[in-house]
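# Structural features, examined
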Amino acid sequence: MKAITTTNLTKKFADLTAVDGISFSVNSGEVFGFLGPNGAGKTTTIRMLTGQLLPSSGQATVAGFDIHSERECLKPKIGVIFEFQNLYERLSAKDNLNFMRQLYGVKQARVDQVLDQVGLKDRANEKLKNYSNGMKQRLLIARALLHEPEILFMDEPTRGLDPVIALQIRQLISQLALEGRTIFLTTHYMEEADRLCDRVAIINHGRVIALDTPLKLKENFGPTLEDAYIELTGHSMESSVLR
Ligand SMILES: Nc1ncnc2c1ncn2[C@@H]1O[C@H](COP(=O)(O)OP(=O)(O)OP(=O)(O)O)[C@@H](O)[C@H]1O
Ligand SMILES: [Mg+2]
């Protein structure tokens, strides 16, 4: 079964085409990497697929529902983790989740369960203003998991985190994949994509320019996924200030 399908999905902002007719599908239970340079259209694609932004043209389905006409049906099926999402700094982690729990109609026991899953159980009653970035990121993941979504959209979940915390988040992502959830992941860390993703799409200037397993991309454009990425996106170090 397909968790996500897109057909000629396009988003224009005035005369800028941010997402330019992309067509691909994501299998159910897959960890799907969505990689590309800054401004390539990754976040815009996620915003369309999660019902936050209307496409200019084209179609997409998420969990079998049309993102436009069946937007309300897909919401219970998905969890979304963006950077800079609003958390209530003056509340504890637990109270942040309790607030969301009431909106979703989820049982209290589920709050303790997700806090445990992301390793925040011991500090659940502390106010968020005392939290580090890594702890906040884990809380965002906990919040996205509250209603047991089938599909998780993660927009740069390890950005700005120290290597140990980033590793913990990656382990959490692997664990969520083992539970059978589909994960749509953007990251600028090629090693992370290589380790976690079943398949990877590379998007450049709003278009999907490659889509394959990390192994195949390395074989064809490698030797590493980073080399393949640089080869495909045409980012040349030679023209940079490093010269
Ligand atoms: N609301 C908006 N209004 C106008 N232009 C926008 C809007 N949102 C995004 N864009 C533009 O669309 C293009 C794609 O942006 P997007 O945020 O999707 O890129 P991205 O691939 O997520 O990049 P990054 O890796 O930096 O997060 C960029 O040129 C951006 O400036
Ligand atoms: Mg982005």
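Everything here concerns the structure above.
This text gives an overview of the structure that appears in the document. What you see is a predicted model, and the numbers here were worked out from it, not measured in a lab.

### Let's talk about the overall build of the protein chain
Helices and strands together make up the secondary structure of the protein chain, namely nine helices and 10 strands. Against the 2.2 N^0.38 benchmark of 18 Å for 243 residues, the protein chain shows a C-alpha radius of gyration of 18 Å, consistent with a compact globule. With respect to the principal axes defined by its C-alpha atoms, the protein chain has extents near 50 × 45 × 35 Å. Every one of the 243 residues in the protein chain was classed for burial, and the buried ones make up 37%. Restricting to contacts in the protein chain with at least 6 residues of sequence separation, those with at least 24 account for 66%.

### Details of the site of ligand 1
For ligand 1, the full set of nearby residues is F13, L16, A18, G36, N38, G39, A40, G41, K42, T43 and T44. Breaking the shell around ligand 1 down by element, the ones donating at least two residues are β2 (16–27) and α1 (42–49). Looking at which element gives the most residues to the shell around ligand 1, the answer is α1, with three residues. When grouped by side-chain class, the residues that make up the shell around ligand 1 number four nonpolar, six polar and one charged.

### Focus on helix α9 (residues 225–233)
Since the α-helix packs 3.6 residues into each turn, any two residues three or four apart lie on the same face. Of all the residues in α9, the buried ones are L225, A228 and Y229. In an axial view of α9, the angular spread of the buried residues amounts to 100°, which keeps them on one side of the axis. At its buried positions, α9 is contacted by β3 (31–35), α7 (190–196), β9 (199–204) and α8 (214–221). After α9 finishes, the residue G234 shows a positive phi value of roughly 70°.

### Looking at the sheet that holds β2
If you walk across this open sheet you meet the four strands as β2-β1-β4-β5, and the pairing is antiparallel. The outermost strands of the open sheet, each flanked by one partner alone, are β2 and β5 (65–66). Note: strand β4 (residues 57–62) against β5, two bridges, orientation antiparallel. Bridged to V62 within β5 is F65.

### Things to note about the sheet that holds strand β6 (residues 78–81)
Strand order in the open sheet made by the six strands is β6-β7-β8-β3-β9-β10, with mixed pairing throughout. Only two strands of the sheet have a single neighbouring strand rather than two, namely β6 and β10 (207–212). Averaged over all neighbouring strand pairs, the angle between strand axes comes to 15°, with direction disregarded. Bridging between β9 and β10 involves five bridges; their strand directions are antiparallel. Looking at β10, one finds that I203 is bridged to V208. Running at roughly 165° to β6, helix α5 (residues 133–145) makes contact with β6 and β7 (151–155) of the sheet.

### Remarks on the nonpolar core
With 59 residues, the main nonpolar core has V62, A142, F153, I183, F184 and L185 as its most contacted residues. Tallying contributions element by element places α5 first for this core, with six residues.

### Description of the pairing of β2
Judged from the nine bridges that link them, strand β1 (residues 2–13) and β2 form a sheet pairing that is antiparallel. Along β2, the bridge assignment pairs I4 with V26. Connecting β1 to the antiparallel partner β2 that follows it, the hairpin turn spans two residues, and A14 within it adopts a positive phi of roughly 50°.

### Observations regarding the packing of helix α3 (residues 93–104) against α5
Where α3 contacts α5, the two axes come as close as 10 Å, and the packing angle between them is 25°. Put simply, α3 runs roughly parallel to α5. Pair α3 / α5 crosses with right-handed handedness. Two secondary-structure elements touch here, α3 through A93, N96, L97 and M100 and α5 through L139, A142 and R143. Considered class by class, the residues forming the contact of α3 with α5 number five nonpolar, one polar and one charged.

### So, α1
Most of α1 is tucked away: eight of the eight residues are buried. For α1, the complete set of buried residues consists of K42, T43, T44, T45, I46, R47, M48 and L49. Where α1 ends, the next residue or the one after it, G51, has phi of about 75°, a positive value.

Parameters and conventions
Residues numbered from 1 in each chain as written. Chains lettered and ligands numbered in written order. Predicted model: local features only at pLDDT ≥ 70, side-chain atom pairs only at ≥ 80, totals over all residues. Helix = DSSP H or I, 4+ residues; strand = E, 2+ residues; numbered from the N terminus. Rg over C-alpha atoms; globule rule 2.2 N^0.38 Å. Buried ≥ 20, exposed ≤ 12 C-beta atoms within 10 Å, placed from the backbone. Contact = placed C-beta atoms within 7 Å. Near = placed C-beta within 6 Å. Nonpolar A, V, L, I, M, F, W, Y, C, P; charged D, E, K, R; others polar. Arc of directions from axis to C-beta. Pairing = 2+ DSSP bridges. Axes fitted to C-alpha atoms, helices over the stretch in contact; angles between N-to-C directions. Core = buried A, V, L, I, M, F, W, Y, C linked by C-beta atoms within 7 Å. Parallel < 35°, antiparallel > 145°, perpendicular 65-115°, else oblique. Left-handed = near helix turned anticlockwise from the far one by under 90°.

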